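Examination of the molecular architecture
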Amino acid sequence: MRWIPGKTSWLVALSCALPGCGGAPAPPLPAAGSPTPRQGGTLHAATFSDVRSLDAATAFDTVSSVIESLLYDTLVSYDAEGRLTPQLAERWALSDDGRRYTFSLRRGVLMHDGRELTADDVKRSMERALHPDTPCPVPSYYDKIEGYAAYHAGRAPTLSGVRVSGRYELQISLSSPDSTFLLLLALPIMAPLCESAGRTWRASFNLEACGAGPFKLEAYEAGLRVRVVRHHGYWKKGEPKLDAVEWQLGVQPFTQRFKFERGELDYLRELTEADSQQYRSSAAWAGQGAWESSLVTLGVFMNTQLPPFDDVHFRRAVAFAIDREQVSSVRPGNTTPRARMVPASITPDRPGQAHHRYDPARALEELALAGYPYDPATGRGGYPEAIEYLAIIDSFSQQSAELIQQQLARVGVRLRLSVVGFPTFLAKSGRPRTVKMGFAGWHADYPDPSTFFEPILSSRSIQEEDSQNASFFANAELDALLDEARISTDEARRAQLFERAEQLVVEQAPWVPVHDYRAFELWQPYLRGYRPHPLLPQYVRGAWLDRAERAASRRAPRTTLAWALGRGWSAPR
Amino acid sequence: MLDPRSLRRFRKNRGALVGLGIVVALGLYALLAPALSAFPPELSDFTAPRTPSGTLSGPSARHWLGVDHLYRDVWSRLAHGARISLGVALLATTLSSVVGASVGMLAGWFESTRARLVDTLLMRLVDIGLSFPYLLLVMAIGAALGDVTLSTILLVLGLTSWFGTARLIRSKTIQVRGLDYVLASRALGQSTFRLLLKHVLPNVAGPLIVVASASVAQMIIAESVLSYLQVGLPPPTATWGRMLQEGQSYLGVSPRLAVAPGVCIFLAVLGFNLLGEGLRDALDPRED
Amino acid sequence: MIAHLLRKLGWSVFTIWAVVTATFFVFNVLPEDPARVIAGPQARPQDVARIREQLGLDRPLLIRYAQYTSQLVRLGGGTPGDGTLSLGVARIDLGVSHLKRRPVVELLGRALPPTLLVGSLALVFQLLLGTCAGVVSAARRGTIFDWGTVALTLVGISAPTFLIGLVLQYLLARGLHWFPLDGYGRSFAERLHAAVLPALTLGLFGAAYYTRLIRDELLGLLGQDYVRTARAKGQRELVVLLKHALRNALIPLVTVIGLDLGALVGGAIVTEKIFRWPGIGALSVEAIVDRDGPVVMGVVLLFSSAVVLANFLVDVAYALLDPRVSRGR
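In this text the structure is predicted, and so the values were computed from the model without any measurement. (Residues numbered from 1 in each chain as written. Chains lettered and ligands numbered in written order. Predicted model: local features only at pLDDT ≥ 70, side-chain atom pairs only at ≥ 80, totals over all residues. Heavy atoms only, no water.)

1. Here's the deal with the overall build of chain B
Applicable threshold: In DSSP terms, a helix is any run of H or I states spanning at least four residues, a strand is any run of E spanning at least two, and both are numbered starting from the N terminus. Only protein chains enter the accessibility calculation, which uses a 1.4 Å probe; a residue whose area is less than 20% of its type maximum is buried, one above 50% is exposed, and one in between is partly exposed. Note on definitions: a residue-residue contact is assigned when non-hydrogen atoms from the two residues lie within 4.5 Å.
Helix and strand content of chain B: twelve helices and zero strands. Helices and strands in chain B line up, N terminus first, as α-α-α-α-α-α-α-α-α-α-α-α. Taken along its principal axes, the extent of the C-alpha atoms in chain B is 80 × 50 × 30 Å. The burial tally for chain B puts 56% of its 288 residues in the buried class. Long-range contacts, defined as pairs at least 24 residues apart, comprise 73% of the intrachain contacts of chain B with a sequence gap of at least 6.

2. Examining the environment of glycine 281 of chain C
Structurally, the position occupied by glycine 281 of chain C is in helix α12 (residues 280–289). Note: C-alpha distance between glycine 281 of chain C and glutamate 237 of chain C (44 residues apart in sequence) is 43 Å.

3. Quick word on the interface of chain B and chain C
Keep this limit in mind: By buried area we mean how much accessible surface two parts lose on assembly, using a 1.4 Å probe and totalling the loss over both. The salt bridge definition used is simple: a Lys or Arg side-chain nitrogen within 4 Å of an Asp or Glu carboxyl oxygen. Identification of polar contacts relies on pairs of N or O atoms within 3.5 Å, with a donor-acceptor requirement for protein atoms, meaning one able to donate a hydrogen and the other able to accept it, and with residues adjacent in sequence counted only if both atoms are side-chain atoms.
Chain B puts 37 residues into the contact, and the matching count from chain C is 40 residues. Interface of chain B and chain C: buried area, both sides summed, is about 3500 Å²; carbon and sulfur atoms make up 75% of it. Three residues, Arg124, Ser131 and Leu136 of chain B, lead the burial of chain B against chain C; their summed loss comes to 16% of the area buried on that side. In this assembly, chain B and chain C are joined by two salt bridges. For arginine 280 of chain B, the salt bridge is made with aspartate 216 of chain C, and the minimal N-O distance between the two is 3.4 Å. Connecting chain B to chain C are three residue pairs in polar contact (both at pLDDT 80 or more). Of all the secondary-structure elements, those providing two or more residues to the side of chain B that touches chain C are α5 (116–130), α6 (134–145), α10 (192–228) and α12 (256–283) of chain B.

4. Side note on the state of the cysteines
All names here are of chain A. Let me state the cut-off plainly: We call a pair of cysteine sulfur atoms a disulfide when they lie within 2.5 Å.
Counted under the stated rule, the structure contains one disulfide over all chains. Note that cysteine 194 is cross-linked by a disulfide to cysteine 210, the S-S spacing being 2.0 Å. A torsion of -70 degrees about the S-S bond marks the disulfide between cysteine 194 and cysteine 210 as left-handed. Highlighted residues: cysteine 194 in the loop between α4 (181–185) and β8 (215–221) and cysteine 210 in the loop between α4 and β8, separated in sequence by 16 residues. Across the pair, cysteine 210 and cysteine 194 agree in class, each one buried.

5. What to know about helix α11 (residues 240–247) of chain B
Every α-helical turn comprises 3.6 residues, leaving residues that sit three or four positions apart pointing alike. Buried residues dominate α11 of chain B, accounting for eight of its eight residues. If you check which residues of α11 of chain B are buried, you get Trp240, Gly241, Arg242, Met243, Leu244, Gln245, Glu246 and Gly247 of chain B. In this structure, the buried residues of α11 of chain B make contact with α10 (396–409) of chain A, α2 (14–31), α4 (74–109), α10 and α12 of chain B together with α7 (161–175) of chain C.

6. Observations concerning the sheet that holds β8 of chain A
Residues and elements named next belong to chain A. Test applied: Paired strands, in this sense, are two strands between which DSSP finds at least two bridges. Lines fitted to C-alpha atoms define the axes, with helix axes restricted to the stretch in contact, and inter-axis angles between N-to-C directions lie between 0 and 180 degrees.
The sheet built from four strands is open, its strands ordered β1-β10-β9-β8 with mixed pairing. Looking at strand neighbours, the two that pair on one side only are β1 (42–46) and β8, the edges of this open sheet. Shown here is a sheet whose adjacent strand axes are inclined to one another by a mean of 15 degrees, direction ignored.

7. Some details on the packing of helix α5 (residues 253–261) of chain A against α7 of chain C
Applied cut-off: Orientation is classified from the angle alone, with under 35 degrees giving roughly parallel, over 145 giving roughly antiparallel, 65 to 115 giving roughly perpendicular, and any other angle giving oblique. Put simply, Ala, Val, Leu, Ile, Met, Phe, Trp, Tyr, Cys and Pro go in the nonpolar bin, Asp, Glu, Lys and Arg in the charged bin, and everything else, Gly too, in the polar bin.
The N-to-C vectors of α5 of chain A and α7 of chain C enclose an angle of 5 degrees; their axes lie 12 Å apart at closest approach. Considering their axes alone, α5 of chain A and α7 of chain C lie roughly parallel with respect to each other. Residue-level contacts link Phe254, Thr255, Phe258 and Glu261 of chain A of α5 of chain A to Leu166, Gln169 and Arg174 of chain C of α7 of chain C. Among the residues making up the contact of α5 of chain A with α7 of chain C, the classes are represented as three nonpolar, two polar and two charged.

8. As for the sheet that holds strand β11 (residues 267–268) of chain A
All names here are of chain A. Here we have three strands laid out as an open sheet, ordered β11-β20-β12, and antiparallel in their pairing. Both outer strands of the open sheet, β11 and β12 (289–291), are each paired with one neighbouring strand and no more. Two elements, β11 and strand β20 (residues 520–523), share two bridges in a ladder whose sense is antiparallel. Among the inter-strand pairings, leucine 268 is bridged to a residue of β20, identified as leucine 522.

9. Some words on the pairing of strand β5 (residues 100–105) of chain A
Residues and elements named next belong to chain A. Counting buried positions over the six residues of β5 gives five, a clear majority of the element. In this sheet, β5 lies alongside strand β4 (residues 89–94) in antiparallel orientation, the contact comprising five bridges. By the bridge assignment, arginine 91 is partnered in β5 with serine 104. The turn linking β4 back onto β5 is made up of five residues, and glycine 98 within it adopts a positive phi angle of 70 degrees. Sheet topology places β5 next to strand β7 (residues 169–173); five bridges connect them, and they run antiparallel. Bridged to serine 104 within β7 is glutamate 169.

10. Regarding the packing of aromatic side chains
Aromatic ring pairs are reported here in terms of the distance separating the ring centres and the angle at which the planes meet. Applied cut-off: When two rings of Phe, Tyr or Trp (its six-membered ring) have centres within 6.5 Å they constitute a pair, described as stacked for plane angles under 30 degrees, edge-to-face for angles over 60, and tilted for the intermediate range. In this analysis the charged atom, NZ for Lys or CZ for Arg, is taken to sit over a ring once it is within 6 Å of the ring centre and within 35 degrees of the ring normal.
Under the defined criterion, the tally for this structure stands at 26 aromatic pairs over all chains. Where tryptophan 11 of chain C meets phenylalanine 14 of chain C, the ring centres are 5.5 Å apart and the plane angle is 80 degrees; that geometry is what we call edge-to-face. Highlighted residues: tryptophan 11 of chain C and phenylalanine 14 of chain C, both in helix α1 (residues 2–29), separated by three residues, approximately one helical turn. Among the aromatic residues, ring-to-ring pairing joins Trp92, Tyr101, Phe103 and Phe181 of chain A into one connected group. Stacked on the ring of phenylalanine 520 of chain A, the Lys or Arg arginine 280 of chain A has its end atom at 5.3 Å from the ring centre. In this structure, arginine 124 of chain B packs its charged tip against the face of tryptophan 11 of chain C, placed 3.9 Å from the ring centre.

11. Observations regarding the domain arrangement of chain B
Note the threshold: Start and end points for every domain follow an automatic or database-based domain assignment.
Splitting chain B by domain gives domain 1 (1–36 + 235–288) and domain 2 (96–207). On a C-alpha basis, the centres of domain 1 of chain B and domain 2 of chain B stand 27 Å from each other.

12. Overview of empty space enclosed by the protein
All names here are of chain A. Note the threshold: Cavity and pocket criteria rest on a 1 Å grid covering protein atoms alone: a 1.4 Å probe that fits but cannot get out defines a cavity, protein on both sides within 12 Å along at least 5 of 7 lines defines an open pocket, and an atom within 4 Å of a point defines a lining residue. Grid points are joined across faces, edges and corners, and a volume is the space filled by probe spheres set on the points.
One pass over the structure, following the stated rule, counts 16 cavities of 30 Å³ or more. Lining the second largest cavity are 27 residues, with Ser69, Ala186, Leu187, Pro188 and Leu536 sitting closest to its centre. Contributing elements (two or more residues each) for the lining of the second largest cavity: α1 (62–71) and β2 (76–78). A total of four residues in the lining of the second largest cavity trace back to one element, the largest contributor, which is α1. Residue composition of the lining of the second largest cavity, by class: 18 nonpolar, six polar and three charged. When residues of the lining of the second largest cavity are assigned to domains, at least three fall in each of domain 1 (72–197) and domain 2 (296–517).

13. Let's talk about the nonpolar core
Quick reminder of the rule: Residues enter a nonpolar core if they are buried and are Ala, Val, Leu, Ile, Met, Phe, Trp, Tyr or Cys, with the set joined through side-chain atoms within 4.5 Å.
Val226, Trp247, Tyr389 and Met437 of chain A are the most contacted members of the largest nonpolar core, which totals 157 residues. Of the residues forming this core, the biggest block, six residues, is contributed by helix α7 (residues 312–321) of chain A. When we break this core down by domain, the ones giving at least three residues each are domain 1 (72–197) and domain 2 (296–517) of chain A. Formed by 97 residues, the second largest nonpolar core is a distinct cluster that contains Phe10 of chain B together with Ile92, Leu163 and Val299 of chain C.

14. Some thoughts on the confidence of the model for chain C
Residue and element names in this part refer to chain C. The condition that has to hold: Looking at any residue, its pLDDT shows the predictor's confidence there, from 0 to 100.
Chain-level statistics for chain C give a pLDDT mean of 77 and a share of 79% at 70 or above. The spread of mean pLDDT over the elements of chain C runs between helix α14 (residues 324–327), the lowest at 48, and helix α5 (residues 104–139), the highest at 88. Every residue in residues 325–329 scores below 50 in pLDDT, and together they form six contacts with partners more than four places removed in sequence or on other chains. Confidence metrics for the complex model read pTM 0.81 and ipTM 0.83.

15. Description of a nonpolar patch on the surface
Residue and element names in this part refer to chain B. We apply this condition: Surface patches are drawn from residues lacking salt bridges whose relative accessible area is over 30%; two like charges belong together within 9 Å, two nonpolar side chains (Val, Leu, Ile, Met, Phe, Trp, Tyr) within 5 Å. Note on areas: Shrake-Rupley with a 1.4 Å probe; residue coverage comes only from the protein chains shown.
A cluster of nonpolar residues, Leu17, Leu20, Val24, Leu28, Leu31 and Leu32, forms a patch on the protein surface that exposes about 520 Å² of accessible area. For leucine 32, the position within the fold is in the loop between α2 and α3 (33–36). For leucine 32, a relative accessible area of 42% corresponds to the partly exposed category.

16. Examining the pairing of strand β9 (residues 225–230) of chain A
Residues and elements named next belong to chain A. Among the six residues in β9, six count as buried, and that is most of the element. When β8 meets β9, the two strands line up antiparallel, connected through six bridges. Counterpart to tyrosine 220 in the pairing with β9 is valine 226. Taking the residues that link successive antiparallel strands as the turn, the β8-β9 hairpin has three residues, and the phi of glycine 223 there is positive, at about 80 degrees.

17. Concerning the packing of helix α1 (residues 4–12) of chain B against α12 of chain B
Packed helix pairs are specified by the crossing angle of their axes together with the interaxial distance, meaning the distance between the axes. Residue and element names in this part refer to chain B. We apply this condition: Working rule for handedness: look at the near helix, and if it is turned counterclockwise from the far one by less than a right angle, call the crossing left-handed; if clockwise, right-handed.
At a minimum axis separation of 8 Å, α1 and α12 run at an interaxial angle of 135 degrees. It follows from the interaxial angle that α1 and α12 lie oblique. Of the two elements, α1 crosses α12, and the hand of that crossing is right-handed. Where α1 approaches α12, its residues Ser6, Arg9 and Phe10 are matched on the opposing element by Leu275, Gly278, Leu279, Asp281, Ala282 and Leu283. Residue composition of the contact of α1 with α12, grouped by class: five nonpolar, two polar and two charged.

Structure (structure tokens):
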């Protein structure tokens, strides 16, 4: 899914600007110590970002998906260790030729509108998501479903590969085996929606989202807050424990830390390295935080449709000129250099793998091959025009852009930074022949290397609007590789194919991976039952609150005088 | 303009002298920027040390005010920020004063003549201009172009700020027009253009300078607000507003990153405000 | 006097029309597909095509303009909740936000109360503080108090909003816990409480400005005969100022308040951003960053209407305060 970069490090802000403040964070608010999970309470969380959409079929960025994971249940999902597990489907069977799945739905699952979930709902929701009028960002994920091409092109009234074979039974036929199909069904795009969602997409469903998840939408005020409340008819008895989860939107990260200190937030994620360092080194906070696993690769895309990036030598020159160590060094802890598409958490690093390299001499050679020789000593030559580089406002992508700008200038490629809001970024980078190059980030949709190639580099992902393939990279060999990897069930063969794909990205350089990103998550001791999930970001649905009295645990204000003198501001621990 | 008496009054005004001092100092800082630092403002110096917790290296002999989050020299960035702030503010004010004074004098001159329609139309234009949300306009243009340059900011600030000046100059012109010697010159048949240039302009120059000085202060704020809201000049250009916006994230570990540009903005605005008040007191003394 | 005010009212309507026209042309002259700008980058190609058709972008600019204005104000009542603002016989239709998929009139209607709350609080604050400080400072001119006030007002005038806002937020909300850090409460009491900091941020500049204005005006009036007479009668300085001079000093103040009033309705972009206040300023920043054309046009229209209306009210106040205005010119 689209990765929304964190606000540049607002967080450190003001945490300790007064004399007498030793930099230690205030001690945590205590838990009541209940031995068993308790029912009740509202979990408060915040994000700097806004939520673009809550419509399962179209919302496809990390912030939306966090709230979607509360609203929607899917046929299959992951357990706490990240293994596939049944959710709305009680069980499934795969035919011997690997082309037909039969799902048996759980009985008695109530949707948010109080109606029982049936196979019809599943089929209708799938068709809605893949309908030609639905602005689903990745319909091609599901192109192995029989009849997809005709349906998505608007030539067939229904998706013939999805058949309802009973009130609680559904068969999905594929045109060829697909090793990632179950993983794809775990995405909210395929989540069964209430009848009110309709057969085709309409914008207003966004505000009345309705599915079968543990929470239902109560309020969605764009830019302000999203509140979801417990769905009393949830199929899993006794779950969820929380009465409600409320997200504050658009909160400056440094304000988030203040609110967390005051107990107004129970959970904090958008911490920067320097802030999290303070918390990590505090004994009082031990065990109250953890690094999430890094499932993102961040880098630079180059639009292969537009000059000068239609020349592979020029692209390679850029790839060789980027110094990853330098970029990562400005955000130690949160980022480490990455020279491959797939994060190490999905494909562990081994020696001898294909990877990008920082090599300014090679960059100059490639640039000369592209017809723009540059002499660093005299500064003569190079590419004559400044190239527009698209980055996202207020994010680390802007800072990395400023560094990459300096690095490319050393080989005679001048960049002009264009810094825009996230929606504008998505729209511009997803439109053909619009943006030459810019920031790119991708978060794994499912734990398989294909998620880092199929949606962002295969020719199938090129769309006229909202194209995830911002490089507009069309390479027959890569397409064929990905096709084979998708059908194959032989793990060794698949690993070989993806290694070749990595190598292709190095050779063709449509996308230059630069670094990964992970956040340090922190929660109050009274927020229990939460750990960062290995795959699903901020998966709080199983958490419960063990807070004795909310009012009592709120930190009382210090005396004015002591505060004004800068003492006693934070207990020195 | 500054006749000896006004000059004496100005010299006796301590606030005005402080203002002048601040302005001159900042001006020198901006002009001498390249000579004052060996480091270009947009270049990272990765040799600058940094602690594991991300604390940025502080002031040293090499980097007088330390480096920022991207290892760039703060002293040098501040100096370049001064160039942009003062440059934009002065040029935009010049533009705005020229337009404002021209419109004001024309309107005032024709106020009670047969060509009074000119006055009405111009003043209507001023009314419209004053009810136009200029910040929104700049932001909209910036967002639509996706690329804001120095000249965009200059033009937009200059062309949206002359309305108040025009009003003031108009009322002064009306006063001047009624003066005996101006009436006499008119009777002698001098052309309107000559009259405006020879008699009106010298008389409205005083108020114009006072307004312009205050306007420079407002322009400095406007430019820094645009940068602060990230709709001004794009990165990596060093502007005070952007430096403050980026630096406030590090207030906990390196307060100087936000404090330094904050102090610069404040001082520059204060300097021009003091100067403006001093000039007003010198040119237009109140009887007390 | 009625005729005078009527003429002013006519000009006001004309001014609003002119601002709308100017905004329209600015949006259409910019070197980007106007349908794209209006629709915003989020709109799908079908939407852009539809808008292009609606606007008739292949037609001459002037015809497009006529279509825009005829859509803006329509005759007839309109039904509640159809996304238009009914004004008796006419209704205003500002179109639909492409990003939020809601009528612009509704979005503005939701953002206006928070902005008005902060704006009116700020206005009250700056009026109270400004008038008091100004009068006392003028009465004690030359003393340490006066000198300190003048110095403080200079600071107030010279510090940009984002500096004041950040410092206040840090001191009063984070440090002393007197106020919430940001956000907009649920109940009115909560909202009032949360509005204090943004209102102070906005009001400090105004207070400094008013103090200077009142002090300067009062000092200017001290030389007048009636003040001298009152003084000669042995009245105390403060009484002289309050009874005789202040009334005259109010006339320029009314002008300034009028201008402020309009500007406050337009929302405080920086302040609302710092305090996450869901008002007009925040709405417009968002609309511009996301290029939500209809919302930008709506905000511009609201802002200019507010300024023009405030100017008109100032004219009315003038006419009441100073009968010469209606006779003169």
